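What follows is the residue order along each chain.
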Amino acid sequence: LVLSKPRDDMYGQMNRYFLRLTDFHGAFQDCFGLPAFLSLYCSSSEELSRCQAERHWALLSLKDGAVDGFCYRIISQHHVPELIMCSFDSLADSPESKSELFLTIDVIETLLRSGGTHAANH
């Protein structure tokens, strides 16, 4: 996922995240973090459609970013698997969230595959 065009839905949200970083002119310095994941996944937007779009984008970036055990270790240090599993029940209860539910299942599957035995034991 690359946000290179201002017309992309998430371009403004990501710019706000990185422009608020005052050190190093907005360059993200923590290479062992998940930039903007929590603020997007736990969106505080007043519009429901905006919240869903941000959560969808956060899940897609997580799915694309979890490629090996090292990535899984960083993801688990930020308690992302627990967060995703806690929100799973609310998605299963809502009939209009089926696409997000299926994406969440895909992300969990990707995390299990990339994390190996650490993910299975987690």
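Reference entry: report on the structure contained in this document.

The rules we used
Each chain carries its own residue numbering, running from 1 in the written order of its sequence. The model is predicted, so local features are restricted to residues of pLDDT at least 70 and side-chain atom pairs to those at 80 or more, both for listing and for counting; the totals for chains, interfaces and linings are taken over all residues. Think of the side-chain values as coming from all heavy atoms in the structure, minus any hydrogens and water. Only protein chains enter the accessibility calculation, which uses a 1.4 Å probe; a residue whose area is less than 20% of its type maximum is buried, one above 50% is exposed, and one in between is partly exposed. Secondary structure is summarised from DSSP: a helix means a run of H or I of at least four residues, a strand means a run of E of at least two, and numbering begins at the N terminus for each. Contacts are residue-level and defined by heavy atoms, with any inter-residue pair within 4.5 Å sufficient. For this analysis, a polar contact is any N or O atom pair within 3.5 Å, provided that within protein one partner can donate a hydrogen and the other can accept it, and provided that sequence-adjacent residues contribute only side-chain to side-chain pairs. In plain words, nonpolar cores are sets of buried Ala, Val, Leu, Ile, Met, Phe, Trp, Tyr and Cys residues tied together by side-chain atoms within 4.5 Å. Counted as salt bridges are all cases of a side-chain nitrogen of Lys or Arg within 4 Å of a carboxyl oxygen of Asp or Glu. Take the residue count of a helix, subtract one, and multiply by 1.5 Å to get its expected span. The axes used here are C-alpha line fits, helices contributing only the stretch in contact, and every angle between their N-to-C directions lies in the interval 0 to 180 degrees. The cut-offs work like this: below 35 degrees is roughly parallel, past 145 is roughly antiparallel, 65 to 115 is roughly perpendicular, and the gaps in between are oblique. Note on convention: the crossing is left-handed when the near helix lies turned anticlockwise from the far helix by less than a right angle, right-handed when the turn is clockwise.

### Observations regarding helix α4 (residues 69–77)
Then, in step 1: What α4 keeps buried is the set C71, Y72, I74, I75 and S76.
Then, in step 2: Elements in contact with the buried residues of α4: α3 (48–65), α5 (80–93), α6 (98–115) and α7 (117–121).
Then, in step 3: For α4, the side-chain oxygen to backbone nitrogen distance between the N-cap and F70 is 3.3 Å, and the N-cap itself is D68.
Then, in step 4: The positive-phi residue at the C-terminal boundary of α4 is H79, with phi of around 60°.

### Considerations on the nonpolar core
Then, in step 1: In this structure, L62, I84, V107 and L111 are the most contacted members of the largest nonpolar core, which totals 18 residues.
Then, in step 2: Sorting the residues of this core by element identifies α2 (37–41), α3, α4, α5 and α6 as the ones contributing at least two each.
Then, in step 3: Residues contacting V107, with those up to four places away along its chain left out, are L59, L62, K63 and I84.

### A closer look at the pattern of salt bridges
Then, in step 1: The full count for this structure, using the stated rule, is four salt bridges.
Then, in step 2: Across the pair R50 and E54 runs a salt bridge whose closest N-O atoms are separated by 3.2 Å. In this pair, R50 and E54 both sit in helix α3, four residues apart, roughly one turn of the helix.
Then, in step 3: Judged by relative accessible area, which is 22%, R50 ranks as partly exposed.
Then, in step 4: Residue D106 pairs with K63 through a salt bridge whose shortest N-O separation is 3.9 Å. One end of the pair, D106, is in helix α6; the other, K63, is in helix α3, with 43 residues separating them in the sequence.

### Focus on α6
Then, in step 1: Taking 1.5 Å per residue, 18 residues should reach 26 Å; α6 reaches 25 Å between its end C-alpha atoms and fits that length.
Then, in step 2: Among the residues of α6, E100, L101, L103, T104, V107, I108, T110, L111, S114 and G115 are the ones counted as buried.
Then, in step 3: For α6, the elements touching its buried residues are α3, α4, α5 and α7.
Then, in step 4: Two residues or fewer after α6 comes G116, characterised by a positive phi angle close to 65°.

### Regarding the packing of α5 against α6
Then, in step 1: Put simply, α5 and α6 touch, their axes get as near as 10 Å, and they point 150° apart. For the element pair α5 / α6, the angle class is roughly antiparallel. α5 and α6 meet at a crossing whose hand is left-handed. Contacts between α5 and α6 involve I84, M85, F88, L91 and A92 on the former and, on the latter, K98, E100, L101, T104, I105, V107, I108 and L111.

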